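Fold and geometry: a report
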Amino acid sequence: MRVGFGYDVHALTPKRPLILGGVRIPYLYGLQGHSDADVLLHAICDALLGAVAEGDIGKHFPDTDPQYRDIKSTLLLKRVMEKVKEKGFHLLNIDSTIVAQKPKLIDFIPRMINEIAHVLEIDAARINVKATTAEGLGFTGRGEGIAAYAVALVEED
């Protein structure tokens, strides 16, 4: 078995939709980035890539490459999972945390879990998504951005 850890952060901007876990969240701000800037899926991608010693999301999908401009992060996650399988591993579980002062995300978490499970072709019971605030501290607490952390456990086939 191998463990991978992922982290991502993006600034909030009024010019984009907010996408987290592949789910569009109604909010005045979205996340700024080259792709759809889904910090949760980016953190999960990095956790999976880390578990199989394949670097990080920037190595595989550089923000300097125009083909990834505004790409859905669900597509990136699907490609990462294909890489995990090519390396001879299967996913056991994912645990993740979104850090955002606003909006409240609890009502959207079940949809995020189902979307992630669908993309990864794994039972939703193996995916966990949590959300917390930063208690007003730091860039997330001031509402300047959203961060996400993820841990993935994989096992060699």
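Everything quoted here is computed from the prediction, not taken from an experiment. (Residues numbered from 1 in each chain as written. Predicted model: local features only at pLDDT ≥ 70, side-chain atom pairs only at ≥ 80, totals over all residues. Heavy atoms only, no water.)

1. Let's talk about a nonpolar patch on the surface
Together, Val 3, Phe 5, Tyr 7, Val 9, Phe 139, Tyr 149 and Val 151 make up an exposed nonpolar region whose accessible area comes to about 600 Å². Secondary structure elements with two or more residues in the nonpolar patch: β1 (2-13) and β7 (145-156). By the secondary structure assignment, Val 3 is in strand β1. For Val 3, a relative accessible area of 58% gives the class exposed. (Patch = residues over 30% accessible without salt bridge, like charges linked within 9 Å, V, L, I, M, F, W, Y side chains within 5 Å. Areas by Shrake-Rupley, 256 points an atom, 1.4 Å probe, with all protein chains shown as cover. Salt bridge = Lys/Arg side-chain N within 4 Å of Asp/Glu carboxyl O. Helix = DSSP H or I, 4+ residues; strand = E, 2+ residues; numbered from the N terminus. Buried < 20%, exposed > 50% of the residue type's maximum accessible area, 1.4 Å probe, protein only.)

2. Some thoughts on the pattern of salt bridges
Using the criterion set out here, one finds seven salt bridges in the structure. Between Lys 87 and Glu 54 there is a salt bridge; the shortest N-O distance is 3.2 Å. Of this pair, Lys 87 sits in the loop between α3 (73-86) and β5 (89-99) while Glu 54 sits in the loop between α1 (39-51) and α2 (57-60), and the two are 33 residues apart along the sequence. A residue is classified by how much of its surface remains accessible, and Lys 87, at 36% relative accessible area, is partly exposed. Residue Glu 54 is classed as buried on the basis of its relative accessible area of 14%. A salt bridge links Glu 144 to Arg 142, with the nearest nitrogen and oxygen atoms 2.8 Å apart. The class for Glu 144 is partly exposed, based on a relative accessible area of 41%. Of the residues examined, Arg 142 reaches a relative accessible area of 55% and is grouped as exposed. Connected through salt bridges with shared partners, the residues Lys 78, Lys 85 and Glu 121 form a single ionic network.

3. A short note on the sheet that holds β1
Strands sit in the order β4-β1-β7-β5-β6 across an open sheet of five strands; the sheet is mixed. Single-partner strands in this sheet number two, and they are β4 (30-31) and β6 (127-132). One ladder, built from 10 bridges, connects β5 with β7; its direction is antiparallel. Considered in β7, the bridge of Leu 91 is made with Val 154. Packed onto the sheet, α1 meets β1, β4, β5, β6 and β7 and runs at close to 155 degrees relative to β1. (Pairing = 2+ DSSP bridges. Contact = heavy atoms within 4.5 Å. Axes fitted to C-alpha atoms, helices over the stretch in contact; angles between N-to-C directions.)

4. Digging into the pairing of β1
Consecutive side chains along a regular strand alternate between the two faces of the sheet. The pairing of β1 with β7 spans 10 bridges and is classified as antiparallel. When the bridges of β7 are listed, Ala 11 appears paired with Gly 145. Judged from the two bridges that link them, β1 and β4 form a sheet pairing that is antiparallel. Among the inter-strand pairings, Thr 13 is bridged to a residue of β4, identified as Gly 30.

5. Quick notes on the packing of aromatic side chains
All chains considered together, the criterion is met by four aromatic pairs. On the numbers, 4.9 Å between centres and 45 degrees between planes, the contact of Tyr 7 with Tyr 149 is tilted. Taken together, the positions of Tyr 7 in strand β1 and Tyr 149 in strand β7 put the pair 142 residues apart, joining distant regions of the chain. Note on Tyr 27 and Tyr 29: the rings are 5.7 Å apart at their centroids and 65 degrees apart in plane angle, and the pair reads as edge-to-face. Taking the relative accessible area as the measure of exposure, Tyr 29 reaches 35% and is therefore partly exposed. (Phe/Tyr/Trp six-rings, centres within 6.5 Å; stacked < 30°, edge-to-face > 60°.)

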